[in-house]
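Descriptive analysis of the structure
Residues per chain are reported as follows:
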Amino acid sequence: MNSQARHILLVEDNPGDARLIREVLQQSDQKVASLDMFESLAEVEQALSSPSHWDVILLDLTLPDSHGLETIRHIHQWLPKVPIVVLTGHTDKSVSLNAITEGAQDYISKNELTSLTLSRAIHYAIERQEIIKSLQEKTNIIECIDRLREHFIRESNPLAMFDALLRDILTLTESEYGFIGDVLKDDQDKPFLKLHAFSNVSWNEETRRIYNESQTKGLIFTNLNNLIGHVITSGKPVIANNPEQDPRSKGTPLGHPKLHAFLGIPVKYGDLLVGEIGLANRAGGYDETLLKTITPVVSACAQIITARQDRVAKEKAQAAQTKAIEEVRKANQAKSEFLAVMSHEIRTPLNVLLGMSDVLQESILTDEQRDQLSMVNKAGDHLITLINDILDLSKIEAGAVQLEQRPLQPGALFSLIINIMRIQAEEKGLVFTYNKMTHLPPWVMGDEGRLRQILMNLLTNAVKFTDKGQITFNVHYDHSTKQFNLSITDTGVGIAPEHLAQVFDKFTQADSSISRRYGGTGLGLAISHNLVEMMDGSISVESTLNQGSTFHITLPLPPTETPASSPHDNPLSQSLALLPMNILLVEDSEDNQILIQTYLKKTPWQLEGVVNGLEAVERIKKGGIDLVLMDIQMPVMDGYSATRKIRAWEKKLGHPPLPIIALSAHALASEKRKSLAVGCDAHLVKPIKKKHLIEEIQRISAQIGQNKI
């Protein structure tokens, strides 16, 4: 039972008892490697100043400088890992229980001392102490793993997590130095070690600088021809309890702290080497038993390193994706800005062209001249439609389109669209049929303007691509799913099967001859498709070449209550008499000045013009102006700045706000919001029709109460 020789410490002040105990030990089967005997605590404390190792302590409770449980407390405090067997003349069982409570492993009364009882007490005390030690090691390992996982979840800084782990491992293994690092690969697929946590072994100014810098960015080891590298190249643990004599070691730099022992542990996730743990200078060196003991910590470390590497890779991928998305956003923004500028530049001359054409139609013309003007107007309107389509698609791609959710009357909307399209169809000799297949809810929630745009695009295409036959518009509302099922069928040119898949792509038409024969850019269906998807609906097409096409649309538009007041405006009738009013036109384009003058020529309104915002501000301060027509893009001072200055001046003097109508060639909704935000009362987009301009002047004047009409 007691085959191993033990080093025993005997603390006994009675020489006779000490002699007896020694004799009993000699008679027992307990092998004694050494027996150190002291008579007081003072002698024990003095002995601790030199290296010593005892497997068990035989302790008398009554000493010259201590007695009772205090004796146990002192010894246990000095030598907490060495089991204590109490030897005393007391027979009181409560004393033995108190001794066990204070840390003793066993208790023997001296009058019951025999070689057998002493041998058994020593054996079981050492065995229980080893069990306690093993349990404590396991507890420490479990707590270490728990802390590691907690750090991984909580710490955003991986260095703090690995520093905490390294401290725990150094404590568990009683090591002086250590490190933890990732095993990574360079561009040539060669492994290297990147340390995230490492002990401070600096020994001069240069190494201290390197240590301080590496604490935040990590320390890289690419030379693997050494003990550390052998762990990586072999994938196996390295135990070197005499590093200076180990052939795998290439020594340490001059001045480096001396290494008495080294343990290199490969950190593997399955068969994949993901990291390395290095430990040094454990008293007594390293062995396979210790390596096996900390295996659970190494396994947990492998999971954390792998999870962190996956997290870093994911973050890099997300960063790259975010960068790519940002680049696309910037490209779309640049494209939108370019299109907005081009739209402005095209709309400005178109404003004059269509405006003057509109004015000329009021003149006495021959039939031929009227037809020629009609052709000019149609061509101009077509160009405006193309510009609007390009801007719409650009806004959709840039994510700048926001749908409005307002009450709308589907029946009234369909009737308006049908009346417009029936006229166009009948002009081509086509039959237009509208089938309302179910009862429609009186009011639904949706974006009326965008719904009108979708249907007008599809119906206009149906009329455009049909030379004979009919156009059929079917409307069905499913009250259970609260969605519209719409279909538009024509008997036109149809679409070949090989082109059906691309029909909703931008700038795409069935063949190149279509744009020459029918006109258009192929944007209408792309815009409609995108808008339908934004409304959480679906759109599809069935077609047979030379027989016609059917477009199916499904749109969820839930019913809603009748609004308290109708959301549409009630513009003043144009038949209302016009009373005198002084209008200031702020416009840098001479052609546009002439156009507005021509529009208002037969009204009682007096028109005065300036060419930039600065002149407008100065003129308004002089008084006598009833309404301002403000161009937005001008030299010296633009319309936004001028409007802000006018509103600030009015507020300062307590004047009522002067009606200001913005005139802009920018058609984006954001430009309208910007105009209204700086203080304009309305925003008109060029080209502006005469009728529209006069109605808007009437509406704004009446709304603010400054009109003289």
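The structure displayed is predicted, hence computed values, not measured ones.

Attention now goes to the overall build of the protein chain. When helices and strands are tallied, the protein chain shows 20 helices and 25 strands. Taking all 709 residues of the protein chain together, the buried fraction comes to 43%. A sequence separation of at least 24 residues applies to 67% of the contacts in the protein chain between residues at least 6 apart. Summed over its atoms, the accessible surface of the protein chain is roughly 37400 Å², and 52% of this surface lies on carbon and sulfur atoms.

Each strand in a sheet pairs with another by means of backbone hydrogen bonds, the pair being arranged parallel or else antiparallel. Taken in spatial order, the six strands of this open sheet run S10-S9-S8-S13-S12-S11, and their pairing is antiparallel. At either margin of the open sheet sits one strand with a lone partner, and together these are strand S10 (219-221) and strand S11 (238-240). Across the sheet, the axes of successive neighbouring strands diverge by a mean angle of 25°, strand direction being ignored. For S11 and strand S12 (residues 262-269), the ladder comprises three bridges, and the chain directions are antiparallel. Each bridged residue has a counterpart across the sheet, and for Val238 the counterpart in S12 is Gly264.

In this section: the sheet that holds strand S24 (residues 660-664). Sheet architecture is open: five strands sit in the order S22-S21-S23-S24-S25, paired in parallel fashion. The sheet is open, and its two borders are formed by strand S22 (605-610) and strand S25 (682-685), each paired with just one other strand. Between one strand axis and the next, the sheet turns by 20° as a mean value, whatever way the strands run. The sheet contact formed by strand S21 (residues 581-586) and strand S23 (residues 627-631) spans four bridges and is parallel.

This next bit is on the side chain of Asn457. Inspection of the secondary structure puts Asn457 in helix H13 (residues 448-464). Separated by 3.3 Å, the side chains of Asn457 and Ser528 make a polar contact.

For any two helices packed against each other, one specifies the crossing angle of their axes together with the interaxial distance. Two elements in contact, helix H3 (residues 69-78) and helix H4 (residues 93-102), have axes whose closest approach is 9 Å; the angle formed by their N-to-C orientations is 20°. By the criterion of interaxial angle, the relationship of H3 to H4 is roughly parallel. Remark: the crossing between H3 and H4 carries right-handed chirality. Packed against H3, whose contacting residues are Leu69, Ile72, Arg73 and His76, the element H4 presents Asn98, Ala99 and Glu102 at the interface.

Quick look at the layout of surface pockets now. The calculated volume of the second largest pocket comes to roughly 1200 Å³. Among the elements of the structure, helix H5 (115-154), helix H6 (158-173) and helix H9 (288-293) are those that each provide at least two residues to the lining of the second largest pocket. The element contributing the most residues to the lining of the second largest pocket is H5, with eleven residues. Split into classes, the residues belonging to the lining of the second largest pocket amount to eleven nonpolar, 13 polar and eleven charged.

Centre distance and the angle of the planes are the two values used to describe a pair of aromatic rings. If you walk through the whole model with that rule in mind, you get five aromatic pairs. Members of the aromatic cluster, connected to one another through ring pairs, are Phe414, Tyr434, Phe473, Tyr477 and Phe484.

Where helix H15 (residues 524-534) is concerned, the buried positions are Gly524, Leu525, Ala526, Ile527, Ser528, Leu531 and Val532. Just past H15, the residue Asp536 takes up positive phi, approximately 65°.

Let us look at the side chain of Asp447. With respect to the helices, strands and loops of the structure, Asp447 is situated in the loop between strand S16 (444-446) and H13. Buried and without a salt bridge, Asp447 has Arg450 as its closest oppositely charged side chain, separated by 4.9 Å. Setting aside its immediate chain neighbours within four residues, Asp447 contacts Gln402, Leu403, Glu404, Leu408 and Met535.

A word on the nonpolar core. Counting 40 residues, the largest nonpolar core has Phe414, Leu455, Phe473, Phe484 and Ile553 as its most contacted members. Those elements that place two or more of their residues in this core are helix H12 (410-427), H13, strand S17 (470-478), strand S18 (483-490), H15, strand S19 (538-544) and strand S20 (548-556). Looking at this core element by element, the count peaks at seven residues for H13. Aside from chain neighbours lying at most four places away, what touches Phe484 is Pro410, Phe414, Leu440, Pro441, Val444, Val475, His476, Tyr477, Ile553, Thr554, Leu555 and Leu557. Formed by 29 residues, the second largest nonpolar core is a distinct cluster that contains Phe162, Leu170, Ala197 and Ile305.

Before going further, it helps to examine unusual backbone geometry. A positive phi angle is found at Asp189, which is not glycine, with a value near 65°. Along the polypeptide, Asp189 turns up in the loop between strand S8 (177-185) and strand S9 (191-198). One non-glycine residue, Val636, lies in positive phi territory at about 70°. The exposure class of Val636 is exposed, given its relative accessible area of 69%.

This part takes up the pairing of S20. Relative to S20, S18 runs antiparallel, the two being bridged by seven bridges. Bridged to Thr489 within S20 is Thr550. Where S19 meets S20, seven bridges bridge the pair, whose relative direction is antiparallel. Within S20, the residue paired with Thr544 across the bridge is Gly548. Here S19 folds back onto S20 in antiparallel fashion, the turn holding three residues, of which Asn546 has a positive phi close to 70°.

Of the residues in the protein chain, 86% have a pLDDT of 70 or more, and the chain-wide mean is 83. For the protein chain, per-element mean pLDDT is lowest for helix H14 (residues 512-518), which scores 47, and highest for S18, which scores 96. In the predicted structure, residues 566-576 sits below a pLDDT of 50 and forms ten contacts with residues beyond four places in sequence or in another chain.

Our focus in this paragraph is the packing of H12 against H13. In contact at an axis separation of 11 Å, H12 and H13 are set at 25° when each is read in the N-to-C sense. Relative to H13, the element H12 is oriented roughly parallel. Crossing angle aside, the handedness with which H12 passes H13 is right-handed. For the pair H12 and H13, contact is made by Leu413, Phe414, Leu416, Ile417, Ile420, Met421, Gln424 and Ala425 and by Glu448, Leu451, Arg452, Leu455, Met456, Leu459, Thr460 and Val463, respectively. Tallied by class, residues from the contact of H12 with H13 come to twelve nonpolar, two polar and two charged.

Turning next to helix H17 (residues 613-621). Of the positions making up H17, those classed as buried are Gly613, Ala616, Val617, Arg619 and Ile620. Looking down the long axis of H17, one finds its buried residues gathered within 165° of arc, a one-sided arrangement. Of the surrounding secondary structure, the elements contacted by the buried residues of H17 are S21, S22, S23 and helix H18 (639-653). Capping of H17 at its N-terminal end is provided by Asn612; its side-chain oxygen lies 3.0 Å from the backbone amide nitrogen of Leu614. Within two residues after H17, Gly623 carries a phi angle of roughly 90°, on the positive side.

Its location among the elements puts Ser415 in helix H12. Residue class for Ser415 comes out partly exposed when judged on its relative accessible area of 36%. As a C-alpha pair, Ser415 and Tyr434 span 19 residues in sequence and 9.3 Å in three-dimensional space. Within the structure, Ser415 has its side chain in polar contact with the backbone oxygen of Gly411 (distance 2.9 Å).

Conventions we followed
- Residues numbered from 1 in each chain as written.
- Predicted model: local features only at pLDDT ≥ 70, side-chain atom pairs only at ≥ 80, totals over all residues.
- Heavy atoms only, no water.
- Helix = DSSP H or I, 4+ residues; strand = E, 2+ residues; numbered from the N terminus.
- Buried < 20%, exposed > 50% of the residue type's maximum accessible area, 1.4 Å probe, protein only.
- Contact = heavy atoms within 4.5 Å.
- Areas by Shrake-Rupley, 256 points an atom, 1.4 Å probe, with all protein chains shown as cover.
- Pairing = 2+ DSSP bridges.
- Axes fitted to C-alpha atoms, helices over the stretch in contact; angles between N-to-C directions.
- Polar contact = N/O pair within 3.5 Å; in protein donor to acceptor, adjacent residues only side chain to side chain.
- Parallel < 35°, antiparallel > 145°, perpendicular 65-115°, else oblique.
- Left-handed = near helix turned anticlockwise from the far one by under 90°.
- 1 Å grid on protein atoms, 1.4 Å probe; cavity = no way out; pocket = protein on both sides within 12 Å on 5 of 7 lines; lining within 4 Å.
- Points joined across faces, edges and corners; volume = space filled by probe spheres on them.
- Nonpolar A, V, L, I, M, F, W, Y, C, P; charged D, E, K, R; others polar.
- Phe/Tyr/Trp six-rings, centres within 6.5 Å; stacked < 30°, edge-to-face > 60°.
- Lys, Arg positive; Asp, Glu negative; His and termini not counted.
- Salt bridge = Lys/Arg side-chain N within 4 Å of Asp/Glu carboxyl O.
- Core = buried A, V, L, I, M, F, W, Y, C linked by side-chain atoms within 4.5 Å.
- pLDDT = per-residue confidence, 0-100.
- Arc of directions from axis to C-beta.

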